[in-house]
Amino acid sequence: MTVWPQLEPLLAQVQKPARYIGCEDGARRPEHTPGTVAWLLGYPDTYEVGLPNQGLQILYEILNERDDAVAERTYAPWVDLEALMRRDGVPLFSVDTHRPAADFDLLAFNLAAELTYTNLLNMVDLAGVAVRAADRTAADPLVVIGGHCSYNPEPLADFVDAVALGDGEELVGEITEVVAAWKANGRGSRDEVLRALAGVPGVYVPSLYDVAFEGGRLASVAPRAPEAPERVEKRTIADLADWPYPKTQLVPLTEVVHDRLNVEVFRGCTRGCRFCQAGMITRPVRERPAEQVRSMIDAGLRRTGYDQVALTSLSTADFSGIEQVVADTVDDPGACGQVSVSLPSLRVDAFTVGIAAQIQKAKRTGLTFAPEAGTWRMRQVINKLIVEDDLYEAVDAAFSQGWRRIKLYFLVGLPTETDEDTLGIADLARRCVEIGRRHTGSASVTVSVGGFVPKAFTPFQWFGQNTTVELQRKIDLLRKATSGDRGVKVRWHDAEATLVEGIMSRGDRRLGPVIEQVWREGGIFQEWSEHFDLARWTGAMADHGLSVDDHVHRHRTEDEVLPWDHLSAGLHKDFLWQDWRDALDEVGLEDCRWTPCYDCGACTGYSIEHVVASAVPPAGGSQGTAQGVAGVAVAIGRRSS
């Protein structure tokens, strides 16, 4: 069945019809049969934002290669089409075959941002499926979530049937087998399949856990079924080389963000930045073999016709032999013209003149460095152990190779932050412009400022987030300090949106009714400034007797039960607590790829070692090892076990 006959007349009435037609190069039109498990992989934002998501594309291919599964995709319809769909009774559909979402066995969402939670509810409702999991029947699809936000899924516990924790490459196959067996046995009760899913390592089924509160505080989250483990461990694939996906990246017919060939070069990060959830939950480091990277680039360029490649990871310049990989890509004799290479996530202490020289051979892509904090003291607190010379050398390398504009990313609202730290951002930016003017008279620096939000499974998970008033004061302080500086531009993230992200990032199950109320009152696409409305959120919090201050601005205590304590990202909680104390003492911790193990738990708990091609740090910069920081007031700690 397809909704295309009902959908097609509507497309002439919406802004961007190409969002909904599918037919991309690389798209599949799988054959659905009673014996196959049908996945609808969803991204709760627009097609332009969701299509480039690598996680979704990887699972799309892996599932469609199985004999017992098929997978299609869906994205959040923009408000213009949604209004028409609701008017005409057209349900949520896949973009591949325009099959109704309710005809699939699983609706699986990749969640990368908390502000998309209301879009998830909206998409489930558009599918014609009950929004609350407790109201669904055996005939309804299972609603599953994964992605970084799933490490604290409790705010969404009322709405999802299962949570996939960690890497999905192996996990989706095991979930498929459980659902296939359930279907083969006549699709019994919903409770039956949920209990079976709870037995799959890495799968959390919220409805099988009882939650208790005492005195306004979370007291416990405990399993109420024998199939549900007391602690759900994340899944980690041991070797990225075994999973060279995506092999056939989707090539959109319309403009999307990050419209280029994307190749993941490694997963995980051990730099230990204390604010960075991604770096903590994706440990250990697993590099893809350089030869495999080259072959993926070569095959991808030939198939897609792209002339730009993004080498993706949490810190791409850390990849062993990165200069050679970039050089091989730029100089690929098989490509039609030179290929430009972008490195979306760059550490300044690993960016060299050699990399800059290779990248600039083709079209210069944008360069963004992330010092994160304006002073060395602050960077010790957050464990971003880059010295100012690291930044200045990277900036000099970039401007010397022809760049005229670079972007620097910073956070404000970090633990122990003072006004001196905030104003240090302006000092760094000014100095970078001065360096740039050695090479070009039009050198400029854009300072992008985001408000810090504490996340689960990080050492800062106990920190009370700054208020919107305080965040805005710091942003204004920075704006005033740079107002007379030609060449320095300041951009900032909305402090009110940061507040809502903070409510959700460390929230518990009491937030379910808040999310539902905001959605029912029309609060969708909250990541989009034209649709964001803080009053809806604060109003819903008040209506349900919940304090914003208690959820967001309050420091947590060591003995407090956290909403995600029954889940595991592999990190020992006492390691994170000690790292939090080290932060307050301004003590840095070296990159554990090059030093003895700190026993954070990520490797030992899963018997997986870091997979790196080189046993020594790459040349250039301090590399998070304290090398090259002589003469700087620095305290690098070596934690005793």
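Residues numbered from 1 in each chain as written. Predicted model: local features only at pLDDT ≥ 70, side-chain atom pairs only at ≥ 80, totals over all residues. Heavy atoms only, no water.

S.K.: Would you mind showing me how to read the pattern of salt bridges here?
M.R.: Two side chains that carry opposite charge are able to pair once their charged atoms sit near each other. Applying the stated criterion across every chain yields a total of 55 salt bridges. When salt bridges with common partners are traced through the structure, they connect Asp167, Glu169, Glu264, Arg267, Arg286 and Arg288 into a single cluster. (Salt bridge = Lys/Arg side-chain N within 4 Å of Asp/Glu carboxyl O.)

S.K.: What is the right way to read the pairing of strand β17 (residues 444–451) from this model?
M.R.: The side chains of a regular strand alternate between the sheet's two faces. Counting buried positions over the 8 residues of β17 gives 8, a clear majority of the element. Burial of β17 is two-sided: the residues Ser444, Thr446, Ser448 and Gly450 facing one way and the residues Val445, Val447, Val449 and Gly451 facing the other way are all buried. Relative to β17, strand β16 (residues 405–412) runs parallel, the two being bridged by 8 bridges. Along β17, the bridge assignment pairs Ile406 with Val445. Handedness of the crossover is the feature at issue here: the chain leaves β16, passes through helix α14 (residues 419–436), returns alongside β17, and the resulting connection is right-handed. Relative to strand β18 (residues 488–492), β17 runs parallel, the two sharing 5 bridges. Looking at the pairing, Ser448 lines up with Arg491 of β18. Taking the sense of rotation as the criterion, the β-α-β connection linking β17, helix α15 (residues 468–482) and β18 turns out right-handed. (Buried < 20%, exposed > 50% of the residue type's maximum accessible area, 1.4 Å probe, protein only. Helix = DSSP H or I, 4+ residues; strand = E, 2+ residues; numbered from the N terminus. Pairing = 2+ DSSP bridges. Right-handed = clockwise from strand over helix to strand, strands pointing away.)

S.K.: Looking at this structure, how should I read the sheet that holds strand β13 (residues 308–312)?
M.R.: In a beta sheet, neighbouring strands pair by backbone hydrogen bonds and run either parallel or antiparallel. The parallel open sheet is built from 3 strands, whose spatial order is β10-β13-β14. In the strand order of this sheet, the two ends are held by β10 (261–264) and β14 (340–342), each with one partner. Across the sheet, the axes of successive neighbouring strands diverge by a mean angle of 25 degrees, strand direction being ignored. Strand direction decides the pairing type here: β10 and β13, joined by 4 bridges, are parallel. (Axes fitted to C-alpha atoms, helices over the stretch in contact; angles between N-to-C directions.)

S.K.: Which parts of the structure should I look at to understand the packing of helix α6 (residues 171–184) against helix α7 (residues 190–198)?
M.R.: At a closest axis distance of 10 Å, the pairing of α6 and α7 adopts a crossing angle of 150 degrees. By the angle class used here, α6 and α7 are roughly antiparallel. The handedness of the crossing between α6 and α7 is right-handed. Contacts from Ile175, Val178 and Trp182 in α6 reach Glu192, Val193, Ala196 and Leu197 in α7. Each residue belonging to the contact of α6 with α7 can be placed in one class, and the counts come to 6 nonpolar, no polar and 1 charged. (Parallel < 35°, antiparallel > 145°, perpendicular 65-115°, else oblique. Left-handed = near helix turned anticlockwise from the far one by under 90°. Contact = heavy atoms within 4.5 Å. Nonpolar A, V, L, I, M, F, W, Y, C, P; charged D, E, K, R; others polar.)

S.K.: Whenever I open this one, the packing of aromatic side chains confuses me. Can you help?
M.R.: Each aromatic ring pair is specified by the distance between its two centres and by the angle formed by the two planes. In the structure shown here, the tally under the stated rule is 13 aromatic pairs. Aromatic pair Tyr47 and Tyr75: ring centres 5.2 Å apart, planes at 85 degrees, arrangement edge-to-face. Of this pair, Tyr47 sits in helix α2 (residues 47–50) while Tyr75 sits in strand β2 (residues 69–75), placing them 28 residues apart in sequence. Each member of the pair, Tyr47 as well as Tyr75, is classed as buried. Plain terms: the ring middles of Trp78 and Phe525 are 4.5 Å apart, the flat faces sit at 55 degrees to each other, and that makes the pair tilted. Here Trp78, found in the loop between β2 and α4 (79–88), pairs with Phe525, found in the loop between α17 (512–520) and α18 (534–543); they are 447 residues apart in sequence, far enough to count as distant. Like Phe525, Trp78 is buried. Members of the aromatic cluster, connected to one another through ring pairs, are Phe452, Phe460, Phe463 and Trp580. Note that Arg73 overlies the ring of Tyr60, its terminal NZ or CZ placed 5.1 Å from the centroid. The ring of Phe104 has Arg99 sitting right over it, with the charged end atom 5.8 Å from the ring centre. (Phe/Tyr/Trp six-rings, centres within 6.5 Å; stacked < 30°, edge-to-face > 60°. Lys NZ or Arg CZ within 6 Å of the ring centre and 35° of its normal.)

S.K.: It is not clear to me how the sheet that holds strand β15 (residues 368–372) should be interpreted in this structure. Could you clarify?
M.R.: Read across the open sheet, the 4 strands follow the order β15-β16-β17-β18; overall the sheet is parallel. Edge positions in the open sheet fall to β15 and β18, since each of these has one partner strand only. Adjacent strand axes in the sheet meet at a mean angle of 25 degrees, parallel and antiparallel pairs treated alike. In this sheet, β16 lies alongside β15 in parallel orientation, the contact comprising 3 bridges. For Phe369, the partnering residue across the bridge sits in β16 and is Leu408. Running at roughly 155 degrees to β16, helix α13 (residues 388–400) makes contact with β15, β16 and β17 of the sheet.

S.K.: What should I look at first to understand helix α16 (residues 495–505) in this one?
M.R.: Residues spaced three or four apart along an α-helix face the same direction, because each turn holds 3.6 residues. With 10 of 11 residues buried, α16 lies mostly within the body of the structure. All of the buried residues along α16 are Ala495, Ala497, Thr498, Leu499, Val500, Glu501, Gly502, Ile503, Met504 and Ser505. For α16, the elements touching its buried residues are α5 (117–126), β17, α15, α17, α18 and α19 (548–553). Capping the start of α16, Asp494 holds a side-chain oxygen 3.0 Å from the backbone nitrogen of Glu496, two or three residues further along. (Polar contact = N/O pair within 3.5 Å; in protein donor to acceptor, adjacent residues only side chain to side chain.)

S.K.: Looking at this model, I keep getting lost on a positive patch on the surface. Mind explaining?
M.R.: On the surface, Arg404, Arg405, Lys489 and Arg491 cluster together into a patch of positive charge. In this structure, Arg404 sits in the loop between α13 and β16. (Patch = residues over 30% accessible without salt bridge, like charges linked within 9 Å, V, L, I, M, F, W, Y side chains within 5 Å. Areas by Shrake-Rupley, 256 points an atom, 1.4 Å probe, with all protein chains shown as cover. Lys, Arg positive; Asp, Glu negative; His and termini not counted. Charge placed at Lys NZ, Arg CZ, Asp CG, Glu CD.)

S.K.: Looking at this structure, how should I read the environment of Thr282?
M.R.: Mapped onto the elements, Thr282 comes out in the loop between α8 (277–281) and β12 (286–287). The class of Thr282 is buried, set by a relative accessible area of 13%. Through-space distance from the C-alpha of Thr282 to that of Val611 is 13 Å; in sequence the pair is 329 residues apart. A polar contact of 2.6 Å, which involves the side chain of Thr282, links it to the backbone oxygen of Ala278.

S.K.: Hey, could you run me through α6 in this one?
M.R.: Across its 14 residues, α6 extends 20 Å between first and last C-alpha, which sits within 8% of the 20 Å expected from 1.5 Å per residue. Downstream of α6 by a residue or two, Gly186 has a phi angle that is positive, lying close to 95 degrees. (Expected span 1.5 Å × (residues − 1).)

S.K.: Would you explain the confidence of the model for the protein chain in this entry?
M.R.: Here the protein chain averages 92 in pLDDT, while 95% of its residues score no lower than 70. In the model, residues 626–641 has pLDDT below 50 throughout and makes 30 contacts with residues more than four positions away in sequence or in other chains. (pLDDT = per-residue confidence, 0-100.)

S.K.: Looking at this structure, how should I read the packing of α4 against α5?
M.R.: Each pair of packed helices can be summarised by the angle the axes make with each other and by the distance between the axes. At a minimum axis separation of 12 Å, α4 and α5 run at an interaxial angle of 30 degrees. Put simply, α4 runs roughly parallel to α5. Along this stretch, α4 crosses α5, giving a crossing that reads as left-handed. In contact with Glu82, Met85 and Arg86 of α4, α5 contributes Asn122, Asp125 and Leu126. Tallied by class, residues from the contact of α4 with α5 come to 2 nonpolar, 1 polar and 3 charged.

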